[in-house]
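# Structural features, examined
So the chains spell out like this:
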Amino acid sequence: MKKAYRASLLRFDDAGLPVFDEDGLLVVAPDSAGRQRVLDAGSHAAVSPRHPDAEVTHLPGRILAPGFVDMHIHFPQTDIIGSPAPGLLPWLENYTFPAEARFADPAHSNEVADVFFDELLRNGVTTALAFATSHVASVDAFFEGAQRRNLRMISGKVLQDRNSPDGVRDETEQSLIDSEALIRKWHDTGRLGYAITPRFAPASTDAQMRGAGELAAKYADTWIQSHVAENRDEVAWVRELYPQARSYLDVYAGFGLMRERAVYAHCIYLDDTDRALLRDTKTAAAVSPTSNLFLGSGFFDFGAADRVGYRYGLASDVGGGTSFSPFHTMMAAYYVGREGQTKAGLSIAPSELWWRHTGGAARALGLDGVVGNLQAGCEADFLVLNPAATPLLARKTKLANTLEEMLFAMIVLGDDRLVERTVISQAL
Ligand code: GUN
Ligand code: ZN
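What comes next concerns the included structure. All chains use their own residue numbering, which begins from 1 and follows the written sequence. Lettering for chains starts from A, numbering for ligands starts from 1, and both go in the order in which the items are written. Reporting in this predicted model follows two pLDDT cut-offs: at least 70 for local features of residues, and 80 or more for side-chain atom pairs to be given and counted; totals over whole chains, interfaces and linings ignore these cut-offs and use all residues. Here the side-chain values reflect all heavy atoms present in the structure, with hydrogen atoms and water set aside.

On to the packing of helix α5 (residues 172-186) against helix α6 (residues 206-218). Taken N-terminus to C-terminus, the directions of α5 and α6 make an angle of 20°; their axes are 9 Å apart at the nearest point. One finds that α5 runs roughly parallel with respect to α6. In terms of crossing hand, the pair formed by α5 and α6 is right-handed. For the pair α5 and α6, contact is made by T172, S175, L176, S179, E180, I183 and R184 and by A207, Q208, G211, A212, L215 and K218, respectively. Comment: axis = line fitted to C-alpha atoms, over the contacting stretch for helices; angle = value between 0 and 180 degrees taken between N-to-C directions. Runs of E in the DSSP output that reach at least two residues are strands. Runs of H or I that reach at least four are helices, and both are numbered from the N terminus. In these notes the angle categories are as follows: under 35 degrees is roughly parallel, over 145 is roughly antiparallel, 65 to 115 is roughly perpendicular, and the rest is oblique. When the near helix sits turned anticlockwise from the far one by under a right angle, the crossing is termed left-handed; a clockwise turn instead gives a right-handed crossing. The contact definition used throughout considers only heavy atoms, calling two residues in contact when any of these lie within 4.5 Å.

Now the structure itself:
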C-alpha cells in the first residue's frame, strides 16, 4: 500500500546540501521484505501526478524531516545525566561505574531500555550507535527493546577487563566469547547491528584489545565503537600505559580497530597524523559537544576535521552529554564551532549542523542511503515537525526569510516539543 504525506519536506543531496520543498510530497511503500521505504519525494506538483493511487495525508504547516541519527550514546547512563564532576575520570568512578553495575540485573536493564527508547523517539532520534554495559543482560535488553519498536539500532557489550571496579569489570576470555555469541545472536537480524565495544584503551588489557581486533576482522560488517582523546588526564594515562604507541589513536590502530564502521567518540586531542589515519582507514568520529562542555573535556576542532577530510557526525553522548535532543546537540556544536572560529570567522551553517546529525551521521556509520535522509530508497523513518510548537518558535519561524534562518530558529529554540510525531518504517 502506497502512502503519501503532503507537507514541507527537508532532504539532503549527495553533497549534504539541503533540499527543501515548501509544498512537498513524501511517498512511502513497503519493499519486498515488507519494510517501508521512500518511493518518491519532491515538490507536490512534480511528485503527485506520478502516484494517483497513493493515499494522501495532508499535514498543513508541518515539516517532514529525516529521523535524527545519534552516533554515540550510552543507554545505561540515562539516569546519570547531569551528574557533576571535575572531569571525565572522577565522573566515571563516582557515577558511571556504580550506575552501570546495576545492569547485571535483566529487570533493571529492561526498565531503563524502555525509558531510553521512549526518550529517543520523543526527541526524534530514530537510529543510534549505543553503548550497553559489560553485562550480556544489558545488550539483550537493548536489542529486544529496539526490535519491539522496529528501530534501526546498533549496540554491543562493553569490554573492560582492567582498571575497572568490581561489578563492571569483565573477564578477558569470557568477554570475547560473550561478544561473539551476541554477534551471532543479534547482528544483522532485522534492523539491528552489533558493535564491538572496547570501552577505551585504559580499561582493556592487550589480550582483550587483540581479541576485539580479531572479532572485528572476522565479522567485517559489524561496527566498532570506543572513546579516544577526550580529556587531558585520560590522554596522559594512555601515554603511560602504552609508551610505545605514537598516539592514543594509534593504540587502536595497532590492534586492528580502525576500519570502515569504526566510530570513536570525542577525538579532541588529535594531531594531523591521527586525522589522516582516520581519513585513510575510513574510521569516523562521533562529535559530542554537550558532553565535552559539561565534563570540561575540550573543544572538537571542526576546521581541522574538514581540512584533513575525515568522516564525522554529531552525538549526544548521554549521560556525559546533557540532552537527548538533537536540537540541543546541534546548538552546542554551533557554540563549539564558534569557539574554534574555524570557518572563516563564522561557525557551522544550520543546514550543515542538521546534515551532521542525519544524513552525514548515517554516512559516517556506513548507512548512507539507508537512514538519515528522505531520498528514494531510504528506509522511511521520518519526523513530523511543528514549527509553531511554542509561541516563540511560531514567531521566529514565520519571520525567517531563508531556509538557513528557519533551520537556525528550530535549532536555537527547538526541543522535543518541536517533534510532533516520529514515524518508524514498519515491517509488515
Ligand atoms: N570514556 C570511557 N568511558 C566513558 C564513558 O562512559 N563516557 C565518556 N564520555 N567517556 C568515556
Ligand atoms: Zn561515551
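As a further point, take the coordination of the zinc ion (ligand 2). For a metal bound by four donors in a tetrahedral arrangement, the ideal donor-metal-donor angle is 109.5 degrees, while six donors in an octahedral arrangement ideally sit at 90 or 180 degrees. Coordination of the zinc ion (ligand 2) by the protein is provided by H72 (NE2), H74 (NE2), H227 (NE2) and D317 (OD), with metal-donor distances spanning 2.0 to 2.3 Å. Metal coordination here is assigned from N, O and S atoms located within 2.8 Å of the ion, or within 3.2 Å for Na, K and Ca; omission of water means that sites may look incomplete. Irregular is the label for any site that misses the other tests, which are tetrahedral for four donors with all angles between 85 and 135 degrees, and square planar for four donors or octahedral for six when opposite donors exceed 155 degrees and the remaining angles lie between 65 and 115. For the zinc ion (ligand 2), the 4 donor atoms in the first shell make angles of 88 to 167° at the metal, a pattern classed as irregular. Between the donor residues of the zinc ion (ligand 2), the gaps in sequence give the motif H-x1-H-x152-H-x89-D. Of this pair, H72 sits in strand β5 (residues 68-74) while D317 is found in the loop between β13 (311-314) and α12 (326-340), placing the two residues 245 residues apart along the sequence. Relative accessibility thresholds used throughout: buried, under 20% of the residue-type maximum; exposed, over 50%; partly exposed, between the two (1.4 Å probe, protein chains only). Judged by relative accessible area, D317 falls into the buried class, the value being 3%.

Here 6 strands make up an open sheet; going across it, the order is β3-β2-β1-β4-β14-β15 and the pairing mixed. Pairing within the sheet leaves two strands with one partner each, and these edge strands are β3 (36-43) and β15 (419-423). Direction aside, neighbouring strands of the sheet carry axes that sit 40° apart on average. Two strands are said to pair when DSSP picks up at least two bridges between them. Note: strand β1 (residues 3-12) against strand β2 (residues 18-30), 9 bridges, orientation antiparallel. Following the sheet pairing, L9 is matched in β2 by D21. Together, β1, β2, β4 (55-66) and β14 (382-385) form the strand contacts of helix α16 (residues 403-413), whose direction differs from that of β2 by roughly 70°.

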